[in-house]
Amino acid sequence: MKNVKVNGQRLWDSLMEMGKIGATAKGGVCRLALTDLDRESRDLFVSWCEEAGCTVSVDKMGNIFARRPGLDNSLPPVVMGSHLDTQPTGGKFDGIYGVLAGLEVIRALNDHNIQTTHPIEASVWTNEEGSRFPPAMVASGVFAGVFDLEYGLSRADLDGKTMGEELQRIGYDGPLEVGNREFKAFFEAHIEQGPILEQEEKTIGVVTDAQGQRWYEVTLTGQEAHAGPTPMATRKDALLGAARIVDQVNKIGLANAPLACATVGLLQVFPNSRNVIPGEVFFSVDFRHPDDKVLANMDVALREFAEQVSSELGLEMEFTEIWYSPPVPFNKACVDSVREAASLAGYSHRDIVSGAGHDACYISRVAPTAMVFVPCENGISHNEAENADPADLEAGCNVLIQAVLLQAQA
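Residues numbered from 1 in each chain as written. Predicted model: local features only at pLDDT ≥ 70, side-chain atom pairs only at ≥ 80, totals over all residues. Heavy atoms only, no water.

## Let's talk about the overall build of the protein chain
Then step 1. Broken down by element type, the protein chain carries 12 helices and 16 strands.
Then step 2. With the C-alpha coordinates of the protein chain rotated into their principal frame, the extents come out at 80 × 45 × 40 Å.
Then step 3. Evaluated residue by residue, the protein chain yields a buried proportion of 54% over its 410 residues.
Then step 4. Counting only carbon and sulfur atoms, one obtains 49% of the accessible surface of the protein chain, whose full area is about 16700 Å².
Then step 5. A distance of 1 Å separates the average location of the 33 positive side-chain charges in the protein chain from that of its 57 negative side-chain charges. (Helix = DSSP H or I, 4+ residues; strand = E, 2+ residues; numbered from the N terminus. Buried < 20%, exposed > 50% of the residue type's maximum accessible area, 1.4 Å probe, protein only. Areas by Shrake-Rupley, 256 points an atom, 1.4 Å probe, with all protein chains shown as cover. Lys, Arg positive; Asp, Glu negative; His and termini not counted. Charge placed at Lys NZ, Arg CZ, Asp CG, Glu CD.)

Given below as structure tokens:
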């Protein structure tokens, strides 16, 4: 089986066709979770899977499973997958590469008339990005028992629309219960979203671990007042408090370099008028680190500083940690399968830690899991300029098919 290859041109063509759904003027993709564009991409994926002879099922969180039968369908499937949703200024490869690489593995197995002992599945996980419905990885989290179903369906966007309502609206509120399904193994192929593989000229990243993450939502409340008559010393400026905390978030990240990441990506100012002192500011904070103790220390540093600033400026503060995902060590046997597959295919490779969260992080709690990384141009992702070399994408898929076969024939 070591000479089995995928059709790289077909994989690329599928990525480019899917990339037309939500295409942006700058060459990226905006396909937010559970929008009409998401529905269109789901419909296309399902049609391609059915053409490949798969049976498609959908659960109550909208997760999609396309099954290729095995020789013994009583055995648990080997599953591949990722997500279809993007960031508002997303690219053509984040998430969707893992979905369509899974489909390409199934297509290639059909091409080569290979029958596997275990069934094979390609999957789509709902709302991985968390951009429209925070937090991230909601549906895979429900699948893994991290969140309950009611929590998942009740996640709301900034307009108050919930995931449950939007799943029903687009027709992907499936009948299957979420979770309680055994996987033989789970593999997620993904672009690295960082510069390491490209800088070191490695084709494959064998992902051994993923960083821990903490997401926060902070609301500072002061007092709106006229920007002209109000003396500086008497102001309760919520934006000033937010600015100081935002700067401190960056300092906390730098203090825990080189592995820490600290980001404020969302900020809303009220009433957002040029001649009114801001009375309320809402903002997000994203902390990441592969060491849980360091991540906890970052948490303490942020809370203490935010309390200090609020007190000094006379502000009220609501500080909520909305999501915590601990560091994830992936399954040794599955990681070994990826490493062996890269060696069998003759690709340069290195072990790597994922700086981003992925559905694989939650699936790893209920199934043996590993990831396959390929380089992306200049390490850029969550950006319309996101790009990847077709040869690297093909290589990652060739590693994926070999890793899957190592597990599916066992």
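From this point, the discussion proceeds with the structure in view.
## Points about helix α8 (residues 238–255)
Then step 1. Between its first and last C-alpha atoms α8 spans 26 Å; for 18 residues at 1.5 Å apiece the expected length is 26 Å, and the two agree.
Then step 2. Of all the residues in α8, the buried ones are A238, G241, A242, I245, Q248, V249, I252 and G253. The arc enclosing the buried residues of α8, seen along the axis, measures out at 140°, which places them on a common side. For α8, the exposed residues set more than 90 degrees away from the buried face come down to L254 and A255. (Expected span 1.5 Å × (residues − 1). Arc of directions from axis to C-beta.)

## Thoughts on the pattern of salt bridges
Then step 1. Summed over the entire model, instances satisfying the criterion amount to 21 salt bridges.
Then step 2. In this structure, R214 engages E321 in a salt bridge whose closest nitrogen and oxygen atoms are separated by 2.6 Å. In this pair, R214 sits in strand β7 (residues 212–221) while E321 sits in strand β13 (residues 316–325), placing the two residues 107 residues apart along the sequence.
Then step 3. Relative accessible area serves as the criterion here: at 12%, R214 is assigned to the buried category.
Then step 4. Two residues, D286 and R288, come together in a salt bridge whose shortest N-O distance is 2.8 Å.
Then step 5. In this structure, a network of salt bridges that share partners links the residues D36, R39, R132, D157, E166 and R169. (Salt bridge = Lys/Arg side-chain N within 4 Å of Asp/Glu carboxyl O.)

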